[in-house]
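Listed here are the chains, written in short residue letters.
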Amino acid sequence: MATPLFSVHGGHSRYGDGTGDIWQFAEAAERAGLIAFGFSEHLPEPSHRTFRSEHLFLGQRDRAWYVDYMDDVDTVRHGFAATVDILCSIEVDYIRGAREWVLSQLARLDLDYVVGSVHYVRLEDEDVCIDADRESAEEAVRRAGGEEALFLTYLQHVRELLQWGLVDVVAHFDLVKMHFGAFPETPRLRAAVEETLEVMRTAKAVIEINTRGLKKPCRRMYPEPWILALACRMGIPVTLSDDSHSPEEVGFKLEEAARMAYDAGYRRLTRFHQGRKRSTIPL
Ligand SMILES: [Zn+2]
Ligand SMILES: [Zn+2]
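Note that this is a predicted model, so its numbers are computed, not measured. (Residues numbered from 1 in each chain as written. Chains lettered and ligands numbered in written order. Predicted model: local features only at pLDDT ≥ 70, side-chain atom pairs only at ≥ 80, totals over all residues. Heavy atoms only, no water.)

Trainee: Can you walk me through the coordination of the zinc ion (ligand 1) in this structure?
Mentor: Each pair of donors in an ideal octahedron of six around a metal sits at 90 or 180 degrees, and each pair in an ideal tetrahedron of four sits at 109.5 degrees. Taken together, Glu91 (OE), His119 (NE2) and His172 (NE2) make up the protein donors of the zinc ion (ligand 1), found 2.1 to 2.2 Å from the metal. Mapped onto the polypeptide sequence, the residues donating to the zinc ion (ligand 1) form the spacing pattern E-x27-H-x52-H. Here the zinc ion (ligand 1) and the zinc ion (ligand 2) are spaced 3.5 Å apart, linked through Glu91, which binds each one. Taken together, the residues His119 in the loop between β4 (113-117) and β5 (120-123) and His172 in the loop between β7 (169-170) and α6 (187-203) connect sequence positions 53 residues apart. Each of the two residues, His119 as well as His172, counts as buried. (Donors = N, O, S within 2.8 Å, 3.2 Å for Na, K, Ca; no water. Helix = DSSP H or I, 4+ residues; strand = E, 2+ residues; numbered from the N terminus. Buried < 20%, exposed > 50% of the residue type's maximum accessible area, 1.4 Å probe, protein only.)

Trainee: Any chance you could explain the coordination of the zinc ion (ligand 2) here in plain terms?
Mentor: Protein coordination at the zinc ion (ligand 2) comes from His9 (NE2), His12 (NE2), Glu91 (OE) and Asp243 (OD), with a distance range of 2.1 to 2.3 Å. Bound by 4 donor atoms, the zinc ion (ligand 2) shows angles of 85 to 168° at the metal and therefore irregular coordination geometry. Each donor residue of the zinc ion (ligand 2) lies on one chain, and together they are spaced H-x2-H-x78-E-x151-D. (Tetrahedral: all angles 85-135°; square planar, octahedral: opposite > 155°, others 65-115°.)

Trainee: Sorry if this is basic, but what is going on with the pattern of salt bridges here?
Mentor: It is possible for side chains bearing opposite charge to pair when their charged atoms get close. In this structure the tally under the stated criterion is 25 salt bridges. Residues Arg14 and Asp21 are paired through a salt bridge, measuring 2.3 Å at the closest nitrogen-oxygen approach. Accessibility expressed as a relative area gives 47% for Arg14, which makes it partly exposed. Notably, a salt bridge pairs Glu148 with Arg188, separated by 2.5 Å at the nearest N-O pair. (Salt bridge = Lys/Arg side-chain N within 4 Å of Asp/Glu carboxyl O.)

Trainee: It is not clear to me how the side chain of Ser13 should be interpreted in this structure. Could you clarify?
Mentor: Note on placement: Ser13 falls in the loop between β1 (6-7) and α1 (22-31). Under the relative-accessibility criterion, Ser13 is labelled buried at 0%. Sequence-distant contacts of Ser13, that is, excluding residues within four places in its chain, are made with Gly18, Thr19, Gly20, Ile22, Phe25 and Glu41. (Contact = heavy atoms within 4.5 Å.)

Trainee: Would you take a moment to explain the nonpolar core for this structure?
Mentor: When a protein is soluble and globular, its nonpolar side chains tend to lie buried together. Among the nonpolar cores identified, the biggest contains 99 residues, and Ile90, Tyr154, Leu197, Ile207 and Tyr266 are the most heavily contacted of them. Ignoring anything within four residues of it in the chain, the contact list for Tyr154 reads Val118, Val121, Ile130, His172, Phe173, Asp174, Leu175 and Val176. (Core = buried A, V, L, I, M, F, W, Y, C linked by side-chain atoms within 4.5 Å.)

Trainee: Just checking my understanding: could you explain the sheet that holds β7 for this structure?
Mentor: Backbone hydrogen bonds hold the strands of a sheet together, and the pairing may be parallel or antiparallel. Read across the sheet, 7 strands follow the order β1-β2-β3-β4-β7-β8-β9 without closing on themselves; strand pairing throughout is parallel. Strands at the two margins of the open sheet, each flanked by one partner only, are β1 and β9 (238-241). Across 2 bridges, the pairing between β7 and strand β8 (residues 206-210) is parallel. Across the sheet, residue Val169 finds its bridge partner in β8, namely Val206. The sheet strands contacting helix α8 (residues 254-263) are β1, β8 and β9, and the helix crosses β9 at an angle near 165°. (Pairing = 2+ DSSP bridges. Axes fitted to C-alpha atoms, helices over the stretch in contact; angles between N-to-C directions.)

Printed below as a string of structure tokens:
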């Protein structure tokens, strides 16, 4: 497949929970032959009640990093302009009730687009991280009343995130499977996925194929092929993400992701440009 490759979500560097400097990611993107690479560092979390407080480390950082992050991305944007289209984004966490706080943080940032994620599910008045250790994920299953029930609650959070009206890309659509593998495609689950994709369509949000799931216990791309095929039939645009957390991970399995999009029925990929502009390229 000769499709030009790119990544809209990744570049998690030493500014967040990754390793490496911004310029090292840009260099890796150039080396991998990517036509575009979007940085989407994690927005710090607001204060919220969590099941295990050690998951909250991102919320306790010095906020001055915003300026340094934007400056660094801007520097490589110019330095690599001849080869890679460098873009500046951020990964926003959905925390129920935190919209105003998130808006106040985003107001300081000049972003090309916004990536939105659900890493926490609110259960019994606490946010339980489903993106951390297995113990927490199992606690989430226990509190939700089973794996299917957790997935349904998780999707409810994704819809609430979309209702914030801030998100251009929905990250790792079925992240909840991370420790468990693919969930059975039950009628209830299918209906909830369809309902969530419908909200995405209304919000004009893009779904990503995120290759990082291959490195996780589930050893699968996000999302499942059946979800992607449904998204395609519903007219939801698709994009590619390596969700890299180190320069070595830049470009990881993006070709496979493009093939997955094709197999799901897509014939075009959506990418972003400076200033919230989008375009499509043929697969
Ligand atoms: Zn994420
Ligand atoms: Zn990420």
